[in-house]
Amino acid sequence: MKTIFRNIVVMLSLFGLIFTGCKNELDLSPVSSLSDASYWQTADQFDAFVNGVYTRFRSHNANFQYLGELRSDIFGTDPGSTATFTGEATQGLERMWLQTLDADNSGVSGFGGFYTNINQINLLIQKLNESSILPDAKKKNYLGMAYGLRAFYYFQMYRTWGKTIIQTEPTTSVDVSNLAKAASSEVDVMALIKADIDLSNSNFGTSYAFDTKNKKGFWSKAATQMLKAEVYLWNAQRSGGVADATTAKTALTDIQANVTLSLLPNFADVFSTTNKDNNEIIFSSKNKLDEATLGFIGNYVPQTGLIVNFYDSVGNRKFDVATDNYGGLLRAPIKIATYRKFNNLDLRKNLSIQAAYTKNTAGAYVIAGAFLKKYQGEQNAGNRAYTNDFIIYRYSDLLLLLAEVKVILGESPVAEINLVRARAYGVNYNVATLGYPNQTIDVNANESILKERFFEFIGEGKRWYDLRRMGDSFVYEYTPVTAATSYKLLWPLDRSTLTNNRALVQNPGYPAF
């Protein structure tokens, strides 16, 4: 009876782990001690724990998006305005695109809460390596996922804070606030990322198969190879040069050789709630009606009662409650300047962004502002539910990373760029005027790739990382960060984190703690 009771307690604790948050996002402790001998006894228990890891991963989507995009040149109020065009307050999010972050307004705090899942991944790795319960193929598949996900988390932190705490052993009784553990050097963090990528690849072996049940919602070898390409391309753009670029190219072309991927003819179909796991997706974080929705979207769309005061010029109509029930609190509008950067023939313009207009006394439309449209969700009983998956990697990302690699290697990126452009312009596409290298911007291949990624990935958490990867000069060109304020290339640590772990040191340039 005692054994049965223990099993019930552990399983209830596991469900708590899966379905509830943690008060202190720096807490490294699992909700329960799942090292208990009564738990790791069946394949189903391992499966349940793995599902919990992905559920917690999904809870971090907002921070993935914030860290990858909100400090770039996409979002913001337009000149002369301190509020969104609908009158909603930005409530501190503006500090990210204005580059006014500090310890008290850090944009993202507690290392994004990522250590909560890193600790679960560490525990999973430990138990997988100790256990003989799972078939060898399944055990290695889970290890491939675990090492890949851990590398992904650390790469997020590496690109954001530079130095960060390396924790590869699970803890069940100590949290990071009491570890008094210093951050490791960027060199050591990068070494861990590369080592985890290698361990992920070696455990996946030659298998590029996606999970039978969860499909592209579970990490795969293709996801590891995409991460590997990003990591080595990041280094190639700094000091790694040809050697790292070659490694990145091999990772990308291996995916092409082993996985059936293609660009969908219709850009909107990539994000549709009825077309998940499509041929363009490599890895996505899953959402589902009555299970989970895209949590961060509320900051990017307006209140229904406010947007109805404006017009959609493309549809030549006034917004209405039934159709435009966005139900958000618009904190991060898209700049009008962002909307205007698109060629009007580019179909991505009005599929990614919704422009809103007023009418002047002559009845002509006058643009008032814009907001993110890419994630439309689905209508459910008169309400909009944002059940779109948050896509981490897709085929157009692969193509444009490959184009960037080819530029470093002195090869032509024409094939990859033009595949993306041809889909973007659809029936409007004319290679002689719109194809690479025939647009004015194409005199600089890196600028061309950056601009194409800008148009392609709005709302997907890519732009800030793209600017950082390409080099500091691109950050200075497109954001308020300057050479004189280059310390802002890294984010500040928040005051709570510095208070709880006195072994940590604030990033250089920000006021010392």
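Residues numbered from 1 in each chain as written. Predicted model: local features only at pLDDT ≥ 70, side-chain atom pairs only at ≥ 80, totals over all residues. Heavy atoms only, no water.

Visitor: I'm lost on the overall build of the protein in this one. Help?
Guide: When its secondary structure is counted, the protein shows 18 helices and eight strands. The C-alpha radius of gyration of the protein comes to 23 Å, within 12% of the 24 Å expected for a compact globule of 513 residues. A principal-axis box enclosing the C-alpha atoms of the protein has dimensions of 80 × 50 × 50 Å. Across the 513 residues in the protein, those meeting the buried criterion constitute 57%. Long-range contacts, defined here as pairs at least 24 residues apart, represent 70% of the contacts in the protein between residues at least 6 apart. Per element, the accessible surface of the protein, about 20000 Å² overall, is 52% carbon and sulfur. Separation between the mean location of the 51 positive side-chain charges and that of the 48 negative ones in the protein comes to 1 Å. (Helix = DSSP H or I, 4+ residues; strand = E, 2+ residues; numbered from the N terminus. Rg over C-alpha atoms; globule rule 2.2 N^0.38 Å. Buried < 20%, exposed > 50% of the residue type's maximum accessible area, 1.4 Å probe, protein only. Contact = heavy atoms within 4.5 Å. Areas by Shrake-Rupley, 256 points an atom, 1.4 Å probe, with all protein chains shown as cover. Lys, Arg positive; Asp, Glu negative; His and termini not counted. Charge placed at Lys NZ, Arg CZ, Asp CG, Glu CD.)

Visitor: Is there a simple way to explain the packing of helix 7 (residues 186-204) against helix 8 (residues 221-258) in this structure?
Guide: The relative placement of two packed helices is expressed as an angle between their axes plus a distance between the axes. Between helix 7 and helix 8, the least distance of the axes is 10 Å, while the angle of their chain directions is 150 degrees. Classified by the angle between their axes, helix 7 and helix 8 sit roughly antiparallel to one another. In the crossing of helix 7 with helix 8, the sense of the turn from one axis to the other is left-handed. Residues Met 190, Ile 193, Lys 194, Ile 197, Asp 198, Ser 200, Asn 201 and Phe 204 of helix 7 touch helix 8, and the partners they reach there are Lys 221, Thr 224, Gln 225, Leu 227, Lys 228, Val 231, Tyr 232 and Asn 235. When its residues are assigned to classes, the contact of helix 7 with helix 8 shows seven nonpolar, five polar and four charged. (Axes fitted to C-alpha atoms, helices over the stretch in contact; angles between N-to-C directions. Parallel < 35°, antiparallel > 145°, perpendicular 65-115°, else oblique. Left-handed = near helix turned anticlockwise from the far one by under 90°. Nonpolar A, V, L, I, M, F, W, Y, C, P; charged D, E, K, R; others polar.)

Visitor: I keep staring at the pattern of salt bridges and nothing clicks. Help me out?
Guide: Once their charged atoms are close, side chains differing in charge can pair, the charge on each being opposite to the other. Considering all chains together, one arrives at 33 salt bridges under this definition. In this structure, Arg 495 engages Asp 104 in a salt bridge whose closest nitrogen and oxygen atoms are separated by 2.6 Å. Here Arg 495, found in helix 18 (residues 495-500), pairs with Asp 104, found in the loop between helix 4 (94-98) and helix 5 (114-130); they are 391 residues apart in sequence, far enough to count as distant. Residue Arg 495 is classed as partly exposed on the basis of its relative accessible area, which comes to 38%. Notably, a salt bridge pairs Arg 348 with Glu 456, separated by 2.8 Å at the nearest N-O pair. (Salt bridge = Lys/Arg side-chain N within 4 Å of Asp/Glu carboxyl O.)

Visitor: What's the story with the environment of Leu 227 in this structure? I'm lost.
Guide: For Leu 227, the location among the structural elements is in helix 8. Here Leu 227 falls in the buried class, since its relative accessible area comes to 1%.

Visitor: Hey, could you run me through the packing of aromatic side chains in this one?
Guide: When we look at a pair of aromatic rings, we describe it by the centre distance and by the angle of the planes. Evaluated as defined, the whole model comprises 33 aromatic pairs. Residues Tyr 39 and Trp 40 carry aromatic rings whose centres are separated by 5.0 Å and whose planes lie at 85 degrees to one another, so their mutual orientation is edge-to-face. You can call Tyr 39 buried: its relative accessible area is 1%. Note on Phe 57 and Phe 64: the rings are 5.0 Å apart at their centroids and 50 degrees apart in plane angle, and the pair reads as tilted. For the pair formed by Phe 57 and Phe 64, the shared burial category is buried. Seen from the ring of Tyr 465, Arg 159 lies directly overhead, with NZ or CZ sitting 3.6 Å from the centre. Cation over ring: Arg 384 sits above Tyr 326, and NZ or CZ is 4.5 Å from the ring centre. (Phe/Tyr/Trp six-rings, centres within 6.5 Å; stacked < 30°, edge-to-face > 60°. Lys NZ or Arg CZ within 6 Å of the ring centre and 35° of its normal.)

Visitor: What should I look at first to understand the nonpolar core in this one?
Guide: One recurring pattern in soluble globular proteins: nonpolar side chains tend to sit buried together. Grouped together as the largest cluster of nonpolar side chains are 136 residues, with contacts concentrated most on Trp 219 and Tyr 393. Apart from residues no more than four positions distant in its own chain, Trp 219 is found in contact with Tyr 54, Gly 144, Met 145, Gly 148, Leu 149, Phe 152, Ser 200, Phe 204, Thr 224, Leu 227, Phe 283 and Tyr 393. Of all hydrophobic cores here, the second largest spans six residues; its members include Leu 264, Val 270, Phe 271 and Ile 391. (Core = buried A, V, L, I, M, F, W, Y, C linked by side-chain atoms within 4.5 Å.)

Visitor: Can you help me understand the pairing of strand 8 (residues 390-394) in this one?
Guide: Look at any regular strand and the pattern is simple: side chains alternate between the two faces of the sheet. Among the five residues in strand 8, five count as buried, and that is most of the element. Relative to strand 8, strand 1 (residues 281-285) is paired through four bridges, and the arrangement is antiparallel. Looking at the pairing, Ile 281 lines up with Arg 394 of strand 8. (Pairing = 2+ DSSP bridges.)

Visitor: How should empty space enclosed by the protein be read in this particular structure?
Guide: Where empty space is left becomes clear once a probe the size of a water molecule has been rolled over the atoms. Applying the stated criterion to the full structure yields four cavities of 30 Å³ or more. Taken together, 15 residues make up the lining of the largest cavity; nearest its centre are Phe 152, Gln 156, Ile 392, Gly 461 and Lys 462. Listing elements by their share of the lining of the largest cavity, those giving two or more residues are helix 3 (61-69), helix 6 (136-161), strand 8 and helix 16 (463-470). With four residues, strand 8 is the single largest residue contributor to the lining of the largest cavity. Taken together, the residues of the lining of the largest cavity break down into seven nonpolar, three polar and five charged. There is about 60 Å³ of room inside the second largest cavity. If you go around the second largest cavity, the residues you meet are Val 270, Phe 271, Ser 272, Lys 276, Asp 277, Ile 281, Ser 284, Asp 389 and Ile 391. Of the residues assigned to the lining of the second largest cavity, the class counts are four nonpolar, two polar and three charged. (1 Å grid on protein atoms, 1.4 Å probe; cavity = no way out; pocket = protein on both sides within 12 Å on 5 of 7 lines; lining within 4 Å. Points joined across faces, edges and corners; volume = space filled by probe spheres on them.)

Visitor: Explanation requested: the side chain of Asn 203 in the structure shown.
Guide: Residue position: Asn 203 is located in helix 7. Excluding its chain neighbours within four sequence positions, the residues that come into contact with Asn 203 are Lys 140, Leu 143, Gly 144 and Tyr 147.

Visitor: Is there a simple way to explain helix 13 (residues 414-425) in this structure?
Guide: Count 3.6 residues to each turn of an α-helix, and residues three or four apart come out pointing the same way. Between its terminal C-alpha atoms helix 13 stretches 16 Å, which fits the 16 Å expected from twelve residues at 1.5 Å a residue. Buried within helix 13 are the following residues: Glu 416, Ile 417, Asn 418, Val 420, Arg 421, Arg 423, Ala 424 and Tyr 425. In the core, the buried residues of helix 13 are packed alongside helix 11 (348-352), strand 8, helix 12 (395-408), helix 14 (431-434) and helix 15 (445-456). Gly 426 occupies a position one or two residues after helix 13 and carries a positive phi of about 55 degrees. (Expected span 1.5 Å × (residues − 1).)

Visitor: Where do I start with the side chain of Ser 448 in this structure?
Guide: Looking at the element boundaries, Ser 448 is found in helix 15. Take Ser 448: its relative accessible area is 0%, and that puts it in the buried class. Not counting residues within four places of it along the chain, the set of residues in contact with Ser 448 comprises Arg 421, Tyr 436, Ile 441 and Asp 442.

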